[in-house]
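Here is how the chains run, residue by residue.
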Amino acid sequence: MTEAKPTSEDHIWTKLNILESDLEAISSHLLDIESPLTPIELAEVVVRYRMELLASENVEGGNVLDYIPKEQYEIDQKLLFPARGGIEGKISGIRKADTINGAAFQVMEIEFEDGKRREYAFGLSQHALNEIITEDKEESSDPVVEIMESGGDMIGKSVETALQENEDFVYIAGRWFPKALTADFSEGQLNLAEAVLDMAGGGPLSTDEILAQVGGPDGINEKLASFSLDLALQEDERFDEVGTRGVVAWFLKKLEPNDVQNTPLFLRYEEIAHDRNLLNDEMLEIEKRIYDELSPIDEEDEDQGNEVEVRLIFPHWRSGSLPLTNSLSKLFPSAYESPRVRFEFVDAKSGERYPGWVVRDERYVDGLRKWYTQKELMPGSYVKARKGEKAGEIIVDADAHRASKEWVRTALIGADGGVVFALLKQTVQSAFDERMMIYLPGNISALDEAWKTKTRKLETVVLRAIRELTKLSPQQHVHASEIYAVVNVVMRCPPGPILALLAQHASIEHVGHLHFRQKEGQEE
Amino acid sequence: MSEKKLASILKPNVKTPFHIDYSWWKQNDREWSVYLRGMLGEELEKKLLELGEDNELDWVDPKTGEVRRMDTLQYLMAQKFSSSSAVEQGLSMVEAIFREFLKNGNNPLSSAELGEILDRPANTILRTLSGTRVYRGMRPILESS
């Protein structure tokens, strides 16, 4: 963004270079309408401004115009003749017309590109071509609309980038407005907004709901008052914008659940360096199928459709959360920029509702702790999620069946938080993945305490997991997904580092199809 | 090769353009101006006398805006028929076609185009205009002519 005046190069719409003059046009348009606009709407403002510039250049620069009999022309003007197939000609002479009622029009001699000369009337108020050409212009789609249809998104991005680099504009919930034109809200009004949200249990409340209580500045329109309040709330750390895309909703930050404000202990991951080149195709495939939010998965590879099925691992089960994988993120409400989005979980069977939060940056969804307990789910249980009928609703289902006694892998927690595994008969309430199921009976506070106090080394945890699981396997080997589930009972780790370790560790042997065992004589 | 012989070889079709061939009027000793004056009517006859028959005026093509110099009589004829409906009831086909040429400044029109304008079958117009008898000088424009 440098020059003030656009050149012809700047009018290549898909590569539009946003200039200072464009921003001035945006600013003056926003001043006129007194309403904030989205980048796409502002892109249209820029395109219209540029089109007007081009049109004025045409007149000044002697560019070619359509011949319309009612218009006035001067010598040397170039014209296009639609009735002659759009051929171009130049006015080489002008004379008065000979008519029976005196000259009601003038005659111009046109020299065509092919050298022929013909005469045409101009300044003629009554002629069919006046109507046809005007109608054509009206009927043909607006060129601005055409440009916006083909390149609106690109232009919108260019406009947005230019606005981001300019301190004179402010952005709230997808809309831009000149900062200097926004209305001020006093500290007293913001304190009142805090009290309003406090009374509403923290929120969420829409800007208009808050504005109705706080009162807006006099003499400005409602949209601008609403935008100005959004700006004031955004710049105040007490408030958090938690609305879904296109909906602005405010929450009082201090009343947001702790697990939303801070990543739950069980979901915190200390990056473990590993060489992803060690992962073979089979490993990469299972990494995809595990759907861990910390795995680097290509979006297109992970699309599960309208309903997403997740196998719980201990960290999410204990936190009452779901991983915000790419598939799940398509179901959950998104926002333009707010890092936290408030929505509602709805139980598929009972219709009971649970407040949910998307924590975008940390890639998890919070709000299911109570539901997991009610459904008696365990790590390894399947949870299905799909979009509800209303925006901002997610239906959750646990595929629960009648309670049955089954032999399942059971974690026994020692007083020091150490974990050993045994195959025990337990009452199970819902469908589960046999490899990833871990039954956790009774009080597990010692395990919680160990998460808080102990720093684990992945190699040690993996080797111990293999040893523990091998005891329960008649074949004396364990599957990678079993190791992943067990490792995550004591430390948060995505599949990648575990699989890389399994691939390269000297004392671990791959026996096929992602089954591993510890080499003989190398056990502790 | 004579013009007549060539015209018989190049058989017109519905896309062949026709016009009023003024040379036909001369060849056939027909007085074009006398014939047209008979169609003018009292009011335009007065106008013709007022303006003078040898005067030239700027006639504007109603479709293209092009200006053509016309003598007063032709100009007045074009004026007379310019507001009349092409599909006028009670006119013979030949009369309707002739008036259309007067109205449009004798711009060439094919049988297909005339059929559209006059709402009559193009083939019937073609048979009428390309027969052995020439009606009011309306003849095809063939490349050699």
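Residues numbered from 1 in each chain as written. Chains lettered and ligands numbered in written order. Predicted model: local features only at pLDDT ≥ 70, side-chain atom pairs only at ≥ 80, totals over all residues. Heavy atoms only, no water.

1. Let's talk about a nonpolar patch on the surface
Item 1. Among the surface-exposed residues, A:Leu412, A:Val420 and A:Leu424 lie close enough to one another that they form a single nonpolar patch of about 200 Å² accessible area.
Item 2. When its relative accessible area of 38% is taken as the criterion, A:Val420 is described as partly exposed. (Patch = residues over 30% accessible without salt bridge, like charges linked within 9 Å, V, L, I, M, F, W, Y side chains within 5 Å. Areas by Shrake-Rupley, 256 points an atom, 1.4 Å probe, with all protein chains shown as cover. Salt bridge = Lys/Arg side-chain N within 4 Å of Asp/Glu carboxyl O. Buried < 20%, exposed > 50% of the residue type's maximum accessible area, 1.4 Å probe, protein only.)

2. As for the pairing of strand β22 (residues 515-518) of chain A
Residues and elements named next belong to chain A.
Item 1. Bridge count for strand β20 (residues 478-479) against β22 is two bridges, and the pairing is antiparallel. Bridge pairing in β22 places His 479 opposite His 515.
Item 2. Both strand β21 (residues 508-512) and β22 contribute to a ladder of four bridges, which runs antiparallel. When the bridges of β22 are listed, His 510 appears paired with Phe 516.
Item 3. A loop of two residues connects β21 with β22, the two strands running antiparallel in sequence, and His 513 in this loop sits at a positive phi of about 50°. (Pairing = 2+ DSSP bridges. Helix = DSSP H or I, 4+ residues; strand = E, 2+ residues; numbered from the N terminus.)

3. What about unusual backbone geometry?
Trans is the prevailing form of peptide bonds, just as negative phi is the prevailing case for residues other than glycine.
Residue and element names in this part refer to chain A.
Item 1. In the Ramachandran plot, Asp 76 falls in the positive-phi region, its phi being about 80° despite a non-glycine side chain.
Item 2. Mapped onto the elements of the fold, Asp 76 is located in the loop between β1 (65-66) and β2 (78-81).
Item 3. Unlike most non-glycine residues, His 513 shows phi in positive territory, near 50°.
Item 4. Relative to the assigned elements, His 513 resides in the loop between β21 and β22.
Item 5. Accessibility expressed as a relative area gives 63% for His 513, which makes it exposed.

4. A closer look at the sheet that holds strand β5 (residues 117-122) of chain A
Item 1. Across the sheet, seven strands lie side by side as β1(A)-β2(A)-β3(A)-β4(A)-β5(A)-β3(B)-β2(B); this open sheet has mixed pairing. Edge positions in the sheet fall to β1 of chain A together with β2 (56-60) of chain B, since each of these pairs with one other strand and no more.
Item 2. Bridging between β2(A) and strand β3 (residues 87-96) of chain A involves four bridges; their strand directions are antiparallel. Residue A:Lys78 lies in a different strand from β3(A), and its bridge partner there is A:Lys90.

5. Comments concerning helix α5 (residues 72-82) of chain B
All names here are of chain B.
Item 1. Of all 11 residues in α5, eight are buried; the element is thus mostly enclosed.
Item 2. Along α5, the residues that are buried comprise Thr 72, Leu 73, Gln 74, Tyr 75, Leu 76, Met 77, Ala 78 and Phe 81.
Item 3. Buried residues along α5 sit in contact with α2 (22-27), α3 (32-40), α4 (42-51), β2, β3 (66-71) and α6 (93-103). (Contact = heavy atoms within 4.5 Å.)

6. Re the interface of chain B and chain A
Item 1. Counting residues at the interface gives 17 residues for chain B and 19 residues for chain A.
Item 2. Inspection of the region where chain B meets chain A yields three salt bridges.
Item 3. We note a salt bridge from A:Arg95 to B:Asp58, for which the minimum N-O separation is 2.7 Å.
Item 4. Summed over the shared surface of chain B and chain A, the result is nine residue pairs in polar contact (both at pLDDT 80 or more).
Item 5. If you list the elements that add at least two residues to the side of chain B that touches chain A, you get α4, β2, β3 and α5 of chain B.
Item 6. Grouping the amino acids of the side of chain B that touches chain A by side-chain chemistry returns seven nonpolar, three polar and seven charged.
Item 7. Examined bridge by bridge, β5(A) and β3(B) share two bridges and lie antiparallel to one another. (Polar contact = N/O pair within 3.5 Å; in protein donor to acceptor, adjacent residues only side chain to side chain. Nonpolar A, V, L, I, M, F, W, Y, C, P; charged D, E, K, R; others polar.)

7. Focus on the pattern of salt bridges
Item 1. For the structure on display, the rule yields 39 salt bridges over all chains.
Item 2. Of the charged contacts, one joins A:Arg95 and A:Glu119 as a salt bridge, the two residues approaching to 2.9 Å between their closest N and O atoms. With a gap of 24 residues between them, A:Arg95 in strand β3 and A:Glu119 in strand β5 connect regions that are remote in the sequence.
Item 3. Sharing partners across several salt bridges, the network here consists of A:Arg95, A:Asp98, A:Glu119, B:Glu56, B:Asp58 and B:Arg69.

8. Thoughts on the packing of aromatic side chains
Given two aromatic rings, their pairing is described by the distance between the two centres and the angle made by the two planes.
Item 1. Under the criterion given, the structure shown has 17 aromatic pairs over all chains.
Item 2. Aromatic side chains A:Phe81 and A:Phe112 sit 5.2 Å apart centroid to centroid with 65° between the ring planes, which places their arrangement in the edge-to-face category. In this pair, A:Phe81 sits in strand β2 while A:Phe112 sits in strand β4 (residues 106-112), placing the two residues 31 residues apart along the sequence. Of the two residues examined, A:Phe81 and A:Phe112, each falls in the buried class.
Item 3. Here A:Phe81 and A:Tyr120 contribute two aromatic rings whose centre-to-centre distance is 4.5 Å and whose plane-to-plane angle is 45°, an arrangement assigned as tilted. Of the two residues, A:Phe81 is situated in strand β2 and A:Tyr120 in strand β5; the sequence distance between them amounts to 39 residues.
Item 4. For A:Phe81, a relative accessible area of 1% corresponds to the buried category.
Item 5. Judged by its relative accessible area of 0%, A:Tyr120 falls in the buried class.
Item 6. Joined through ring pairs, the aromatic side chains of A:Tyr67, A:Tyr73, A:Phe81, A:Phe112, A:Tyr120 and A:Phe122 make up one cluster.
Item 7. In this structure, B:Arg136 is placed above the aromatic ring of B:Phe98, and the distance from its NZ or CZ to the ring centre is 5.3 Å. (Phe/Tyr/Trp six-rings, centres within 6.5 Å; stacked < 30°, edge-to-face > 60°. Lys NZ or Arg CZ within 6 Å of the ring centre and 35° of its normal.)

9. Examining the nonpolar core
Within soluble globular proteins, side chains that are nonpolar tend to cluster in buried spots.
Residue and element names in this part refer to chain A.
Item 1. Within the largest apolar cluster, 73 residues are counted, with the highest numbers of intra-cluster contacts made by Leu 322, Phe 332, Phe 345, Val 462, Ile 483, Val 487 and Leu 502.
Item 2. Looking at which element gives the most residues to this core, the answer is helix α15 (residues 480-490), with eight residues.
Item 3. Each residue touching Leu 502, except ones within four places of it in the same chain, is listed here: Val 462, Ile 466, Ala 480, Ile 483, Ile 508 and Phe 516.
Item 4. Judged by nonpolar contacts, the second largest core, of 45 residues, contains Val 46, Ile 155, Leu 205 and Ala 225. (Core = buried A, V, L, I, M, F, W, Y, C linked by side-chain atoms within 4.5 Å.)

10. Topic: the sheet that holds strand β15 (residues 364-366) of chain A
All names here are of chain A.
Item 1. Within the open sheet, the seven strands sit side by side as β11-β16-β17-β13-β14-β15-β12. Their pairing is mixed. Two strands bound the open sheet, and with one partner strand each, they are β11 (307-311) and β12 (321-323). On average, adjacent strands in this sheet sit at an angle of 30° to one another, irrespective of strand direction.
Item 2. When β11 meets strand β16 (residues 382-387), the two strands line up antiparallel, connected through five bridges. Along β16, the bridge assignment pairs Arg 311 with Tyr 382. (Axes fitted to C-alpha atoms, helices over the stretch in contact; angles between N-to-C directions.)

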